[in-house]
2 protein chains.
Amino acid sequence: MKKLSIAVMISGSGSNLQSIIDACNAGSLPAAVKLVISDRKDAFGLERAKKNGIPAEFIDPSHFGGREEHETACAASIDREECKLICLAGYMRLVTGWFVGKYSGRLLNIHPSLLPSFPGAHAHRDVLAYGAKVSGCTVHFVDENMDSGPVIIQSAVKVLEGDTEETLGKRVLEQEHKAYPEAIKLFAEGRLIVKGRKVTVDTII
Amino acid sequence: MKKLSIAVMISGSGSNLQSIIDACNAGSLPAAVKLVISDRKDAFGLERAKKNGIPAEFIDPSHFGGREEHETACAASIDREECKLICLAGYMRLVTGWFVGKYSGRLLNIHPSLLPSFPGAHAHRDVLAYGAKVSGCTVHFVDENMDSGPVIIQSAVKVLEGDTEETLGKRVLEQEHKAYPEAIKLFAEGRLIVKGRKVTVDTII
């Protein structure tokens, strides 16, 4: 099977990027990360990419007149590397309808809550403020709304008494590191069937 | 320990009522259901109550001029039986701020989803339409908003491929039958500490 070429877009530490790279290197994922794009210069994920010999680009949003112009530059890199799947992994920027349309059906995101609960940039804080007893993570196709789009995988995590954003975030992250490579594997194997909002997994015959 | 007197308000089958009665009878819950109120004449839960020797009242909303008048009649029965905890269990009627205020801190509800996701009367249908991969149930204190209020217990349930409202509902119900008696037990033991939206469980010394 030809390996799936992936672009990963990040804004920060890139621990989900690392889990994807690790799964590719371990051979458990028939894919290869061909490009890492960050919208922040100091994102540690850029270092992770370089350490693994993966082209890493900081594409500075402030150099462009608007979101689409910035995304056009990102897309030029993605298309140059012939990436077939684009994974947002802690990418803290809303993508436009243009970008979603261009990569329709091959743009994924991971979010650290059980969507539709607690969308947005402060999921763990919001979970704790609500007093929820269960949280988790969601891997989903991206549509034009924030933290929306058809759900591929969700994993539940118990909220414990005394949890802080940090302790809860750490346990959810452990599940993220399993869920994202698993979802990408299903995509790479061509097993994801999307009908409206529903994603089902084709059985291998 | 003196047993906690409970009133259970229902609209239908009353399977959660049954799980509470069973836990009381088994001695695992230091409580006794002293009254069952239904807003529907044909609610099977009324039969369950009678079989267990529990006073069961159909209080017909159509006999009253408004919601508060109906609730005033319910409250008269609750207070006559000296019930200290009121458990909504499949009670399909919104309660008023008056009722919530009167029984503040001792009015519970169970909802068949992981709130704040999928509130309302068709949780399983909404879960399936969204394509969520994890659902569950929530036991919470009731406030003036629908399916809101501080959360006591949540249990997660996987959504399976091919699930219908019925099959998902059945698996969630199994968790409800554990979660509601467990939450009531914590209440009966005086161990629930509510601060704002957060509910924590006091450890027994």
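If you're wondering where the values come from, they're calculated on a predicted model, not measured in any experiment.

Draft legend 1. Expanded view of the relation of the copies chain B and chain A. Between chain B and chain A, the superposition needs a rotation of 180° and an axial shift of 0.0 Å, giving an RMSD of 0.0 Å. Here the transformation between the copies is reduced to the relation of a two-fold axis. Minimal C-alpha distance to the rotation axis in chain B is attained by S117 of chain B, lying at 2.6 Å.

Draft legend 2. How the structure looks around the interface of chain B and chain A. Across the contact, 25 residues belong to chain B and 25 residues belong to chain A. Note on chain B versus chain A: buried area summed over both sides is about 2,100 Å², and carbon and sulfur give 52% of it. The interface formed by chain B and chain A holds 0 salt bridges in total. At the surface where chain B touches chain A, the tally comes to 11 residue pairs in polar contact (both at pLDDT 80 or more).

Draft legend 3. Just the sheet that holds strand β4 (residues 85-88) of chain B, in detail. All names here are of chain B. Judged by pairing direction, the sheet is mixed, and its 7 strands sit side by side in the order β3-β2-β1-β4-β5-β6-β7 without closing on themselves. If you trace the sheet from one side to the other, it starts and ends with β3 (56-58) and β7 (151-158), each paired once. Within the sheet, the average angular offset between the axes of one strand and its neighbour, ignoring direction, is 20°. Here strand β1 (residues 4-10) runs beside strand β2 (residues 31-38); their pairing, made up of 7 bridges, is parallel.

Rules used throughout
Residues numbered from 1 in each chain as written. Chains lettered and ligands numbered in written order. Predicted model: local features only at pLDDT ≥ 70, side-chain atom pairs only at ≥ 80, totals over all residues. Heavy atoms only, no water. Least-squares fit on C-alpha atoms with pLDDT ≥ 70 in both. Contact = heavy atoms within 4.5 Å. Buried area = accessible area lost by both parts, 1.4 Å probe. Salt bridge = Lys/Arg side-chain N within 4 Å of Asp/Glu carboxyl O. Polar contact = N/O pair within 3.5 Å; in protein donor to acceptor, adjacent residues only side chain to side chain. Pairing = 2+ DSSP bridges. Helix = DSSP H or I, 4+ residues; strand = E, 2+ residues; numbered from the N terminus. Axes fitted to C-alpha atoms, helices over the stretch in contact; angles between N-to-C directions.

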